[in-house]
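Fold and geometry: a report
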Amino acid sequence: MMRLWLGFAVLGVSYLQGAEYRVGPGQPLATPGAVPWESLQPGDTVLIHWREEPYRDKWVICGAGTAEAPIRIRGVPDPNGRLPVIDGRDAATRGALNFWGEERGVIKIGGANRPADTTPAHIIVENLDVRSGRPPFSFTGRNGHTDYAKNAASIFVEKGDHITIRNCRLHDSGNGLFVSPKSNEVLIEGCHVWDNGIEGSIYEHNSYAEAAGITFQFNRYGLLRKGCPGNNLKDRSAGLIVRYNRIEGGNRQLDLVDAAGDARIARDPRYRKTLVYGNLLIERDGEGNNQIVHYGGDSGKKEWYRNGVLYFYHNTVVSTRAGTTTLFRLSSADERADCRNNILYCTAPGRSFALMNAEGTLELRNNWLPDAWQVSHGHFSGTLNTGENLRGEKPGFENLQADNYRLPPGSPCIDAAGPLPSGVPSVERQYVEPASSEPRPGLGKPDLGAFESGP
């Protein structure tokens, strides 16, 4: 296909827009397999239009865009908003491509023989429904008919710089998303990630990432596939930010552990500071571990653990477990959580809710907690520092049964927030269903939790 380059000038600044490859019914290219993935250049855009039948294509992206001219792979929804589907079942890899790890993902970023093995940069993947990269499904690739690996992902980022995954649906795979440690500055936003995992295996998750700089924002993380005991959002990154998401279910909602021996990640100065704020975290009865957040490490090598601070603020945590709920498990005495301005609620009697598991240091200030909350349900050898906190029977949600966790007039959580610790970002937005956000109203003193009451 002939490449078409268009030049533009905006306010006296010239730049180039690359080629546009249009895929789908009535378009020049019938399927994504017809796109010359091996020769994408800065500024190129691949537009994949919705069609009734899923596309059964696999590919790798190894091009390098720039900040001014990224490489974009964009789904074009139908008039009803349905996203084009990229289905890994019985998919085929474009013959001009040759890359290892085909069994690890439906769409792969980085790591190939053809195109050349460069580091992808400034890649944007958006508006796609990517599914079904897992056993027992298979595909046709460079080695013929091949089964997917258990840890295959809908999108597998082997390496890359400035990678954005936006407004995608990632489901029915071993991992919905997998990001490897050679990745830098990754943004996952506005995505719906659910129904992933492998039955009976704790090693596959809705998403699993280890990068130097990664932000998860405005996403909806739903339940894993039935019988799959993995975590929801598992992460080993430096510079981790989890903000303005809805995360429901999983063995744990957040499993934020060590870099598993990757020295580059562990030496990153951001490794020991983790930010979790403005999120809605939901624990349903009978699902997974009773712990909401695990922070520190799981390799058993404590010298690799984060040994830092988890800043956990302006989150709304709701547990409907009939039994006990524990907010934090800190992996060692050297881990610390700074917990402020949250709503921490359970429907079981207040004594069912504990803050900590066994060790570590917790700073607890200006939160709403249930009456009779416990420090721990077992032996606690750590440190608890408390300031002013509210407690009661109910925080006053709009409608708990309808999953409306906003605050009506009269809630004790309105205007009850205190100051944040120095050096952390303020809360400027709030989550909006199904996977979006809006500015958080600035109406005087902030409210507790993930949502600000408004007029």
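Only a predicted model underlies this, so the values are computations on that prediction, with no experimental measurement involved.

Calculation notes
- Residues numbered from 1 in each chain as written.
- Predicted model: local features only at pLDDT ≥ 70, side-chain atom pairs only at ≥ 80, totals over all residues.
- Heavy atoms only, no water.
- pLDDT = per-residue confidence, 0-100.
- Contact = heavy atoms within 4.5 Å.
- Helix = DSSP H or I, 4+ residues; strand = E, 2+ residues; numbered from the N terminus.
- Buried < 20%, exposed > 50% of the residue type's maximum accessible area, 1.4 Å probe, protein only.
- Core = buried A, V, L, I, M, F, W, Y, C linked by side-chain atoms within 4.5 Å.
- Pairing = 2+ DSSP bridges.
- Polar contact = N/O pair within 3.5 Å; in protein donor to acceptor, adjacent residues only side chain to side chain.
- Salt bridge = Lys/Arg side-chain N within 4 Å of Asp/Glu carboxyl O.

The next thing to look at is the confidence of the model for the protein chain. Of the residues in the protein chain, 96% have a pLDDT of 70 or more, and the chain-wide mean is 95. Segment residues 1-15: pLDDT under 50, and 28 contacts once partners within four positions in sequence are set aside and those in other chains are kept.

This part covers unusual backbone geometry. Geometrically, the link from R114 to P115 is a cis peptide bond, its omega value of 10° lying close to zero. Cis peptide bonds are those with omega within 30 degrees of zero, and the linkage from E433 to P434 qualifies with 0°. Tracing the sequence through the fold places P434 in the loop between β38 (429-432) and β39 (436-439). Here the phi dihedral of E185 falls at roughly 55°; this positive angle occurs in a residue that is not glycine. Of note, E185 is situated in strand β16 (residues 175-189).

It is worth spelling out the environment of I292 at this point. Tracing the backbone shows I292 in strand β26 (residues 291-295). On the accessibility criterion, I292 (0% relative accessible area) is buried. Residues I292 and N251, 41 residues apart in the sequence, show an inter-C-alpha distance of 8.5 Å.

With that out of the way, let us pick up the nonpolar core. Generally speaking, a soluble globular protein has its nonpolar side chains buried in company with each other. Counting residues in each nonpolar core, the largest one holds 78 residues, and the members touching the most others are I73, V125, F216, F312, L327, F328 and L355. Not counting the four nearest positions on each side in its chain, F328 is found in contact with V293, L310, F312, A337, C339, L355, M356, N357 and L362.

Before going further, it helps to examine the pairing of strand β13 (residues 144-147). Where strand β12 (residues 138-141) lies against β13, four bridges are found, and the strand directions are antiparallel. Looking at the pairing, T140 lines up with H145 of β13.

Quick look at the environment of W37 now. For W37, the position within the fold is in the loop between β3 (20-23) and β4 (45-49). The class for W37 is buried, based on a relative accessible area of 1%. For the pair formed by W37 and R94, sequence separation is 57 residues and the distance between their alpha carbons is 8.5 Å. Once residues lying within four places of it in the same chain are set aside, the contact partners of W37 are P32, V46, W59, V60, I61, I73, R94, L97 and P115. Only 2.8 Å separates the side chain of W37 from the backbone oxygen of P32, close enough to count as a polar contact.

Take the side chain of S138 next. Among the structural elements, S138 can be located in strand β12. Engagement of the side chain of S138 in a polar contact is seen with the side chain of H145, the distance being 2.9 Å. Those residues in contact with S138 that lie beyond four places of it in its chain are G88, R89, D90, A91, H145, T146, D147 and Y148.

Attention now moves to the pattern of salt bridges. Enumeration according to the criterion identifies 35 salt bridges in this entry. Among the ionic pairs, E20 bridges to R22, the shortest N-O distance being 3.4 Å. Residue classification places E20 among the partly exposed positions, given a relative accessible area of 33%. Relative accessible area serves as the criterion here: at 32%, R22 is assigned to the partly exposed category. One salt bridge connects R94 with E38, and the closest N-O pair in it is separated by 2.8 Å. Of the two residues, R94 sits in the loop between β8 (91-93) and β9 (105-109) while E38 sits in the loop between β3 and β4, which places them 56 residues apart along the sequence. For R94, a relative accessible area of 18% gives the class buried.

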